[in-house]
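# A structural walkthrough
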Amino acid sequence: MSRAEDVSATAPDGPGRPRLVVIGPPGVGKSTVAREVARRLDLALHDSDTIVEERAGRSIGDIFLEDGEAAFRELEQDAVRAALTTTGSVVALGGGAPMTAAVAEALQGHDVLFLDVGIADAAKRIGLNRSRPLLAVNPRATWVATMEERRPTYERLARWQVDTAGRGVDEVVAEVLAVLGEDGTQPHGEPGGSRPDVPDADRPDAPGDQDGSR
Ligand SMILES: Nc1ncnc2c1ncn2[C@@H]1O[C@H](COP(=O)(O)OP(=O)(O)OP(=O)(O)O)[C@@H](O)[C@H]1O
Ligand SMILES: O=C(O)C1=C[C@@H](O)[C@@H](O)[C@H](O)C1
Ligand SMILES: [Mg+2]
């Protein structure tokens, strides 16, 4: 099993710093892109949805159905915290994870990348008919409304933003490797880097943004 496939249900405790944390809406490709970036860089992969399912021994759909969303968000928060204690890994978060205030707070100072997409591409990718509990009713309108509500949070937490609309996985992965400086160039947004993707003042760890009011 390659390291990228080694999704741990029990991430080690202790302070850590993942190499990259990927956030974004359902179907944008967080899990797919994170897995491929981890494979290409030979890094461990942690996906909060997978951690929740492995720890609970149930699918996310079943957890929503049997225990409700609030219970899922508690499990998700624990899973994200565990994943964020790992060092040098690639972490993919569930689409709604950053909307939990404690998760947003925990993401402060981490290297967070927002994968962006519109409804047209998202619908094609996920079909909007798979078992996603939050998209069970009126999936297209729900996806659009949810994205509208979440976008400001995704943007505020992200150091980098990569638009995936009209682009295949390979192209998206290439841009992600570029922002990390893994294509032989400077990492984007680093001191001395050439292309800051998010202005310093908007960075989640920027001075004056320490009150956690998200
Ligand atoms: N850039 C892309 N172009 C086309 N298809 C893609 C792209 N990225 C991912 N996909 C496909 O879209 C589907 C959804 O991807 P994935 O499960 O990685 O999304 P996700 O953001 O992790 O979703 P969720 O929030 O439900 O976990 C998969 O079938 C994947 O192969
Ligand atoms: O957007 C969301 O709120 C969710 C996205 C998925 O990744 C899962 O975490 C779950 O289905 C909830
Ligand atoms: Mg996923």
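Because the structure is predicted, anything quoted here is derived from the model rather than measured.

Another point: the UniProt feature "binding site: ATP" (unreviewed entry) in the protein. UniProt's feature table lists "binding site: ATP" (unreviewed entry) at Gly27, Val28, Gly29, Lys30, Ser31, Thr32, Arg132 and Arg167, given in the numbering used throughout. By secondary structure assignment, the location of glycine 29 is in the loop between β1 (20-23) and α1 (30-41). The exposure class assigned to glycine 29 is buried, which follows from its relative accessible area of 16%. When neighbours within four sequence positions are excluded, glycine 29 is seen to be in contact with Ala34 and Leu115. Within the secondary structure, lysine 30 is located in helix α1. If we skip the residues at most four places from it in the chain, lysine 30 touches Val22, Ile23, Gly24, Pro25, Ala92, Leu93, Gly94, Gly95 and Leu115. There is a polar contact of 2.9 Å between the side chain of lysine 30 and the backbone oxygen of proline 25.

A few words on the environment of alanine 79. For alanine 79, the location among the structural elements is in helix α4 (residues 69-84). The sequence separation of alanine 79 and valine 52 amounts to 27 residues, and the corresponding C-alpha distance is 6.1 Å. Every residue in contact with alanine 79, bar those within four places of it in the chain, is listed here: Ser48, Ile51, Val52 and Arg55.

Our focus in this paragraph is the environment of proline 18. On the secondary structure map, proline 18 appears in the segment before β1. Dropping the residues within four chain positions of it, proline 18 is found in contact with Ala83, Leu84, Thr86, Thr87, Gly88, Ser89, Val91 and His110.

Taken together, 16 residues sit near ligand 1, with Lys30, Ser31, Thr32, Arg132 and Arg167 positioned nearest. Here an oxygen atom of ligand 1 and a side-chain polar atom of threonine 32 are 2.5 Å apart. Breaking the shell around ligand 1 down by element, the ones donating at least two residues are α1, α6 (119-126) and α8 (169-179). Of all the elements, α1 adds the most residues to the shell around ligand 1, at three residues. Looking at the shell around ligand 1 residue by residue, the class counts come to six nonpolar, five polar and five charged.

Now for the packing of helix α2 (residues 48-56) against α4. The geometry of α2 relative to α4 is characterised by a closest axis approach of 9 Å and an angle of 115° between their N-to-C directions. What the angle tells us is that α2 and α4 run roughly perpendicular. As α2 packs across α4, the resulting crossing turns out to be right-handed. Of the residues in α4, those in contact with Ser48, Asp49, Ile51, Val52 and Arg55 of α2 are Phe72, Leu75, Glu76, Asp78, Ala79, Val80, Ala82 and Ala83.

Ligand 2 sits among Pro26, Asp49, Ile60, Phe72, Arg73, Glu76, Gly94, Gly95, Gly96, Pro133, Leu134 and Arg150. Between ligand 2 and the protein, one listed contact pairs an oxygen atom with a side-chain N or O atom of arginine 73 at 2.7 Å. Within the backbone of glycine 96, a nitrogen or oxygen atom sits 3.4 Å from an oxygen atom of ligand 2. In the complex, 91% of the free accessible area of ligand 2, which totals 310 Å², lies under the protein chains. The element contributing the most residues to the shell around ligand 2 is α4, with three residues. For the shell around ligand 2, the per-class residue count stands at five nonpolar, three polar and four charged.

Read across the sheet, five strands follow the order β2-β3-β1-β4-β5 without closing on themselves; strand pairing throughout is parallel. Edge positions in the open sheet fall to β2 (45-47) and β5 (160-163), since each of these has one partner strand only. Looking at each pair of strands side by side, their axes are set apart by 20° on average, direction ignored. Bridge count for β1 against strand β3 (residues 90-92) is three bridges, and the pairing is parallel. When the bridges of β3 are listed, valine 22 appears paired with alanine 92. Where α1 meets the sheet, it contacts β1, β2, β3 and β4 (112-116), and its direction lies at approximately 170° from that of β3.

Basis of the calculations
Residues numbered from 1 in each chain as written. Chains lettered and ligands numbered in written order. Predicted model: local features only at pLDDT ≥ 70, side-chain atom pairs only at ≥ 80, totals over all residues. Heavy atoms only, no water. UniProt positions renumbered as here; feature names shortened; annotations may be inferred. Helix = DSSP H or I, 4+ residues; strand = E, 2+ residues; numbered from the N terminus. Buried < 20%, exposed > 50% of the residue type's maximum accessible area, 1.4 Å probe, protein only. Contact = heavy atoms within 4.5 Å. Polar contact = N/O pair within 3.5 Å; in protein donor to acceptor, adjacent residues only side chain to side chain. Near = heavy atom within 4 Å. Nonpolar A, V, L, I, M, F, W, Y, C, P; charged D, E, K, R; others polar. Axes fitted to C-alpha atoms, helices over the stretch in contact; angles between N-to-C directions. Parallel < 35°, antiparallel > 145°, perpendicular 65-115°, else oblique. Left-handed = near helix turned anticlockwise from the far one by under 90°. Areas by Shrake-Rupley, 256 points an atom, 1.4 Å probe, with all protein chains shown as cover. Pairing = 2+ DSSP bridges.

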